[in-house]
Amino acid sequence: MKRFLIAGLVAFTLLVPVFSFGQKDVQNKPIDSVQNHQGQTASQRIVSLVPSTTEMLFALNAQNQLVARTDFCNWPPETQAVPSVGGFDGKTISLERIVAFQPDLVCIADVMHNHLIQPLEALGIKVFLSTAQKLDQIYEEVVQLGELTGHQTDAQQLIAKIKSQLTEAQRLVAAMEVSQQNAGKKAYWEVAAAPYFSPGQDSFITDLLESMGLENIFGTLAQAYPQVNEEGIIAGQPDFIFFPDYNFQGEAGAKAIASRTGWQKLPAVVHGRIFPVDSDLFSRPGPRVGEMALELARLITSHTSAFETAQ
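Here is a short report on the structure shown in this document. Bear in mind that the values here come from a model prediction, so they are computed numbers and not experimental data. (Residues numbered from 1 in each chain as written. Predicted model: local features only at pLDDT ≥ 70, side-chain atom pairs only at ≥ 80, totals over all residues. Heavy atoms only, no water.)

### A few points about the pattern of salt bridges
Right, on to step 1. Tallying each qualifying case throughout the model produces eleven salt bridges.
Right, on to step 2. Across the pair Arg284 and Asp280 runs a salt bridge, and its minimum N-O distance is 3.1 Å.
Right, on to step 3. A network of salt bridges, in which partner residues are shared, links Glu55, Asp280, Arg284 and Arg288. (Salt bridge = Lys/Arg side-chain N within 4 Å of Asp/Glu carboxyl O.)

### A look at the packing of helix H2 (residues 51–59) against helix H5 (residues 135–149)
Right, on to step 1. Relative orientation of the contacting elements H2 and H5 amounts to 60°, with a least axis distance of 10 Å. By the angle class used here, H2 and H5 are oblique. The handedness of the crossing between H2 and H5 is right-handed. For the pair H2 and H5, contact is made by Thr53, Met56 and Leu57 and by Ile138, Glu141, Val142, Leu145 and Thr149, respectively.
Right, on to step 2. Considering only residue class, the contact of H2 with H5 consists of five nonpolar, two polar and one charged. (Axes fitted to C-alpha atoms, helices over the stretch in contact; angles between N-to-C directions. Helix = DSSP H or I, 4+ residues; strand = E, 2+ residues; numbered from the N terminus. Parallel < 35°, antiparallel > 145°, perpendicular 65-115°, else oblique. Left-handed = near helix turned anticlockwise from the far one by under 90°. Contact = heavy atoms within 4.5 Å. Nonpolar A, V, L, I, M, F, W, Y, C, P; charged D, E, K, R; others polar.)

### A look at the side chain of Glu190
Right, on to step 1. Mapped onto the elements of the fold, Glu190 is located in the loop between strand E5 (186–189) and strand E6 (196–197).
Right, on to step 2. Glu190 gets classed as buried once you look at its relative accessible area, which sits at 7%.
Right, on to step 3. Those residues in contact with Glu190 that sit more than four places away from it in its chain are Tyr196, Phe197, Phe242, Phe243, Pro244, Ile257, Arg260 and Trp263. (Buried < 20%, exposed > 50% of the residue type's maximum accessible area, 1.4 Å probe, protein only.)

### Topic: the sheet that holds strand E4 (residues 126–130)
Right, on to step 1. The strand order E2-E1-E3-E4 describes an open sheet built from four strands, whose pairing is parallel. The open sheet terminates on both sides in strands that have one partner only, identified here as strand E2 (66–68) and E4. Here the average twist between neighbouring strands, direction ignored, is 30°.
Right, on to step 2. With two bridges joining them, strand E1 (residues 46–48) and E2 adopt parallel strand pairing. Considered in E2, the bridge of Ile46 is made with Leu66.
Right, on to step 3. Across the sheet, H2 touches E1, E2, strand E3 (105–109) and E4, and the angle it forms with E1 is around 135°.
Right, on to step 4. Of the strands in this sheet, E1, E3 and E4 are in contact with H5, which crosses E4 at around 165°. (Pairing = 2+ DSSP bridges.)

### Overview of the packing of helix H6 (residues 152–175) against helix H12 (residues 289–301)
Right, on to step 1. One can describe the packing of H6 onto H12 by two numbers: an axis separation of 8 Å at closest approach and a directional angle of 5°. On the basis of their axis angle, the class for H6 and H12 is roughly parallel. Side by side, H6 and H12 meet where Ile162, Gln165, Leu166, Glu168, Ala169, Leu172 and Val173 of the first sit next to Val289, Gly290, Glu291, Ala293, Leu294, Ala297 and Thr301 of the second.
Right, on to step 2. Split by residue class, the contact of H6 with H12 holds nine nonpolar, three polar and two charged.

### Things to note about the sheet that holds strand E10 (residues 274–277)
Right, on to step 1. Read across the open sheet, the four strands follow the order E7-E5-E9-E10; overall the sheet is parallel. Edge positions in the open sheet fall to strand E7 (215–216) and E10, since each of these has one partner strand only.
Right, on to step 2. Bridge count between E5 and strand E9 (residues 240–244): three bridges; the pairing is parallel. By the bridge assignment, Tyr188 is partnered in E9 with Ile241.
Right, on to step 3. Across the sheet, helix H10 (residues 251–258) lies against E9 and E10, angled at about 125° from E9, the strand it touches most.

### Some details on the nonpolar core
Right, on to step 1. Core analysis: the biggest nonpolar cluster contains 51 residues, and Trp189 and Phe242 have the highest contact counts within it.
Right, on to step 2. In contact with Trp189, other than residues within four places in its own chain, are Phe197, Ser198, Pro199, Ile205, Leu209, Phe242, Pro244, Val277, Phe282 and Leu296. (Core = buried A, V, L, I, M, F, W, Y, C linked by side-chain atoms within 4.5 Å.)

### Some remarks on H12
Right, on to step 1. Relative to the 18 Å expected for 13 residues at 1.5 Å per residue, H12 spans 19 Å between its end C-alpha atoms, a close match to the ideal helical length.
Right, on to step 2. Buried within H12 we find Val289, Gly290, Met292, Ala293, Leu296, Ala297, Leu299, Ile300 and Thr301. (Expected span 1.5 Å × (residues − 1).)

### A closer look at H5
Right, on to step 1. Across its 15 residues, H5 extends 21 Å between first and last C-alpha, which sits within 8% of the 21 Å expected from 1.5 Å per residue.
Right, on to step 2. Listing the buried residues of H5 in full gives Leu135, Ile138, Tyr139, Glu141, Val142, Leu145, Gly146, Glu147 and Thr149.
Right, on to step 3. Positive backbone phi, approximately 80°, marks Gly150, located one or two places after H5.

### A closer look at the packing of aromatic side chains
Right, on to step 1. Under the defined criterion, the tally for this structure stands at eight aromatic pairs.
Right, on to step 2. With centroids separated by 6.1 Å and ring planes inclined at 75°, the aromatic side chains of Tyr188 and Phe218 adopt a geometry described as edge-to-face. Of this pair, Tyr188 sits in strand E5 while Phe218 sits in the loop between E7 and strand E8 (227–228), and the two are 30 residues apart along the sequence.
Right, on to step 3. By relative accessible area, Tyr188 is classed as buried at 0%.
Right, on to step 4. On the accessibility criterion, Phe218 (9% relative accessible area) is buried.
Right, on to step 5. Look at Trp189 and Phe282: their rings are 5.4 Å apart centre to centre, the planes differ by 45°, and that puts the pair in the tilted class. Of this pair, Trp189 sits in strand E5 while Phe282 sits in the loop between E10 and H12, placing them 93 residues apart in sequence. Across the pair, exposure class does not vary: Trp189 and Phe282 are buried alike.
Right, on to step 6. One aromatic cluster in this structure is built from Trp189, Phe240, Phe242, Phe275 and Phe282.
Right, on to step 7. One Lys or Arg, Arg260, reaches over the ring of Trp263 and ends 4.7 Å from the middle of that ring.
Right, on to step 8. Sitting over the face of the ring of Phe240, Arg273 holds its NZ or CZ atom 5.0 Å from the ring centroid. (Phe/Tyr/Trp six-rings, centres within 6.5 Å; stacked < 30°, edge-to-face > 60°. Lys NZ or Arg CZ within 6 Å of the ring centre and 35° of its normal.)

Below, the structure is given as structure tokens:
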């Protein structure tokens, strides 16, 4: 499956109110002109169609340059004050609605919005195509958006913050001696079931799991979010199971997974290591990736005894 189809699946499960704005909402927003390292005027009127990119603009302190977003750009909470162009799905977004905000830059998601590239560029509007999935690609997009918005220093500070959080997460795991005990431990990350989808080698989720000393049982599949089968999951014998909690089921969701036919003998089920995670946070390859690492470290280290039992 293409990488952003899964991102779209995640986004549409979020309960975000739909806003309706009149013409008064698309009036010019006064912003001081700034320049990037190349001496070019930074983009001052940005429309973002990508939730992770919208988060990144706020993290770069470029929120005053954001004039419109999608309904699913819901973090940080301050995004709710920004007008919306509609839903995340490229088929539901009107080109006319985007242009009405008079943007000089439109941020779009690869695959989901590629049909907008030609008409936007034909109108002289710059396009930023978000393709990031791996950690290094997230850093690259931070730098690129820093250049486009004139917030280069903020970009370097954001990268340093993310790397610091990743280091702290690894330290927490090592401090609990989990890093040695879980060598070779396997993890299954369930993006969706019926059919099953899981992160592959091109996903930042795989990067995060590996940074915590865990092996993604589908981490060698050459896609970001490949479709997998139940037989492969059972054969993988995961010691950990993580699932985005789309419906806020929490423990009930974990119990439902544990009760699946043929899953009872999986190490993750036997030792109670089935963890719901924030479906919003863990669906976006953006500036909160360091927070994701810290949350994974918390979950892993909260079940240290399970590692000992599984030896």
